[in-house]
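Here is how the chains run, residue by residue.
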Amino acid sequence: MNHWIVIFEDSPEMLAVREKHFADHVSYLTGHPEIFVDGTSLSPAEGEKPTGGLWIVRAKDRQAILRLIEGDPMYQSGFRQFEIFATGKELSVK
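These notes cover the structure that comes with them. (Residues numbered from 1 in each chain as written. Predicted model: local features only at pLDDT ≥ 70, side-chain atom pairs only at ≥ 80, totals over all residues. Heavy atoms only, no water.)

1. Some thoughts on the pattern of salt bridges
Keep this limit in mind: A pair is scored as a salt bridge if a Lys or Arg side-chain nitrogen falls within 4 Å of a carboxyl oxygen belonging to Asp or Glu. Here the term buried applies to any residue with accessible area under 20% of the maximum for its type, exposed to any over 50%, and partly exposed to those in between, with areas from a 1.4 Å probe on protein chains only.
Across all of its chains, the model carries two salt bridges by this definition. One salt bridge connects Asp10 with Arg18, and the closest N-O pair in it is separated by 3.0 Å. Considered together, Asp10 and Arg18 belong to a single accessibility category, that of buried residues. One network of salt bridges, in which partners are shared, links Asp10, Arg18 and Arg80.

2. Re the side chain of Asp72
Threshold: Numbering of helices and strands runs from the N terminus; a helix is a DSSP stretch of H or I covering at least four residues, while a strand is a stretch of E covering at least two. When charges are counted, neither His nor the chain ends are considered; positive counts come from Lys and Arg and negative counts from Asp and Glu. In the analysis that follows, any N or O atom pair within 3.5 Å is treated as a polar contact, provided that within protein one partner can donate a hydrogen and the other can accept it, and provided that, for residues neighboring in sequence, both atoms belong to side chains. Residues are treated as being in contact if the distance between any of their heavy atoms lies within 4.5 Å.
Positionally, Asp72 belongs in the loop between α2 (62-71) and β4 (80-90). Here Asp72 occupies a buried position and makes no salt bridge, while the nearest side chain of opposite charge, Arg80, is found at 4.3 Å. At a separation of 2.8 Å, a polar atom in the side chain of Asp72 contacts the side chain of His25. Look past the residues within four positions of Asp72 in its chain and what remains in contact with it is His25, Tyr28, Trp55 and Arg80.

3. Quick word on the environment of Glu83
As for its position among the elements, Glu83 is in strand β4. Taking C-alpha positions, Glu83 is 8.6 Å from Glu9, a pair spaced 74 residues apart along the chain. Excluding residues that lie within four positions of it along the chain, Glu83 makes contacts with Ile5, Val6 and Ile7.

4. Some points on the packing of aromatic side chains
What counts here: Only the six-membered ring of Trp is used, alongside the rings of Phe and Tyr, when aromatic pairs are assigned; centres must lie within 6.5 Å, and planes under 30 degrees apart are stacked while those over 60 apart are edge-to-face, with the rest tilted. Note on geometry: a ring has a charge over it if NZ (lysine) or CZ (arginine) is within 6 Å of the ring centre and within 35 degrees of the ring normal.
For the structure shown, the criterion picks out four aromatic pairs. Measuring from centroid to centroid gives 6.2 Å for Phe8 and Phe82, while their planes differ by 55°, and the two rings are tilted. Of this pair, Phe8 sits in strand β1 (residues 2-10) while Phe82 sits in strand β4, placing them 74 residues apart in sequence. In this arrangement the basic side chain of Arg80 is found over the ring face of Phe8, its NZ or CZ atom lying 4.4 Å from the centre.

5. Concerning the environment of Gly53
One can find Gly53 in strand β3 (residues 52-59). For the pair Gly53 and Thr40, spaced 13 residues apart in the sequence, the C-alpha separation amounts to 5.7 Å. When sequence neighbours within four positions are dropped, the list of residues in contact with Gly53 reads Val6, Ile7, Phe8, Arg18, Thr40, Ser41, Leu42 and Arg80.

As structure tokens, then:
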């Protein structure tokens with residue numbers, strides 16, 4: 001499985017959605033450890049309100065990532081766009 005990066009860009013309306021659905025969002029993502037590795041919000045500068053986000057995921061293909069995104073309470077609001085980037089790093093199996 002490869003690592004992928006998902007970059008989210010939020011519209012201004014997303015701030016209210018973040019406040020309302022943040023706990024559900026975190027619960028959803030941590031409930032999918034088979035694909036979700038890590039993530040964070042992104043802001044233009046330190047201390048400013050978030051305007052997007054970043055996920056690191058591991059998946060066999062783009063379709064698995066799309067399913068994860070589409071099920072996320074934050075994404076379902078319609079105030080968030082995203083891009084998916086493949087990386088050259090494969091998941092190490094121990």
